[in-house]
Amino acid sequence: TAAGADAEAIDTVTQALIHDNATSMSMDLALFCLTTLWVLARKSDENKRKIIFEDSTFDAIIEAMQIYRERSAEIQTRACGVLWSLSMDPNDRKHVAQGGGCDAILNAMLVHMD
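Residues numbered from 1 in each chain as written. Predicted model: local features only at pLDDT ≥ 70, side-chain atom pairs only at ≥ 80, totals over all residues. Heavy atoms only, no water.

1. A few points about the overall build of the chain
Thought 1: Helices and strands together make up the secondary structure of the chain, namely seven helices and zero strands.
Thought 2: The order of α-helices and β-strands along the chain, N terminus first, is α-α-α-α-α-α-α.
Thought 3: With the C-alpha coordinates of the chain rotated into their principal frame, the extents come out at 40 × 30 × 20 Å.
Thought 4: Within the span of the chain, comprising 114 residues, buried residues form 40% of the whole. (Helix = DSSP H or I, 4+ residues; strand = E, 2+ residues; numbered from the N terminus. Buried < 20%, exposed > 50% of the residue type's maximum accessible area, 1.4 Å probe, protein only.)

So, in structure tokens, the structure goes:
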């Protein structure tokens, strides 16, 4: 099913992002992972909730924003897009905020104001 394929894609991309955050810190891989998560988040509310609540995906997004905070405005922009998509449902907004999403967005804006 499409939902099963999306869930598997989220899991695969999450593991790649977690591994990249901990080891190689490749901007290209991080950008690919965040782009994929953004696309998947926009597809369905089920995907959004999986990204927020399962498999450390949300934490990996925040961690990538911290790692690349000063190194890549493009990664910050993409990650902010993911967080924006995750915040579309009013019931999910508090989880995004409590998980560090607001702080991560503000930090990205402060570092890349120009």
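Alright, that's what it looks like, and here's the rest.
2. Let's talk about the nonpolar core
Thought 1: Formed by 28 residues in total, the largest nonpolar core has its most connected members in L17, L37, I51, I61, M65, L83 and L86.
Thought 2: Looking at this core, the elements that each hand over two or more residues are α1 (2-22), α2 (27-43), α3 (45-53), α4 (57-67), α5 (73-86) and α7 (101-111).
Thought 3: Per-element tally for this core: the top contributor is α2, with seven residues.
Thought 4: Contacts of L17, omitting those with residues within four sequence positions, involve A30, C33, L34, L37, A60, I61 and A64. (Core = buried A, V, L, I, M, F, W, Y, C linked by side-chain atoms within 4.5 Å. Contact = heavy atoms within 4.5 Å.)

3. Notes on α5
Given 3.6 residues to a turn, an α-helix orients residues that are three or four positions apart in the same direction.
Thought 1: The first and last C-alpha atoms of α5 sit 20 Å apart over 14 residues, in line with the 20 Å expected at 1.5 Å per residue.
Thought 2: If you check which residues of α5 are buried, you get I75, Q76, A79, C80, G81, V82, L83, S85 and L86.
Thought 3: Elements that come into contact with the buried residues of α5 comprise α2, α3, α4, α6 (90-98) and α7. (Expected span 1.5 Å × (residues − 1).)

4. A short note on the environment of R93
Thought 1: Positionally, R93 belongs in helix α6.
Thought 2: The spatial distance from the C-alpha of R93 to the C-alpha of N47 is 15 Å, given a sequence separation of 46 residues.
Thought 3: Dropping the residues within four chain positions of it, R93 is found in contact with S87 and M88.

5. Observations regarding the packing of α4 against α5
Thought 1: Between α4 and α5, the shortest axis-to-axis distance is 10 Å and the interhelical angle comes to 150 degrees. One finds that α4 runs roughly antiparallel with respect to α5. In terms of crossing hand, the pair formed by α4 and α5 is left-handed. Across the interface between the two elements, F58, I61, I62, A64 and M65 of α4 pack against Q76, A79, C80, V82, L83 and L86 of α5. (Axes fitted to C-alpha atoms, helices over the stretch in contact; angles between N-to-C directions. Parallel < 35°, antiparallel > 145°, perpendicular 65-115°, else oblique. Left-handed = near helix turned anticlockwise from the far one by under 90°.)

Geometry only, nothing functional implied.
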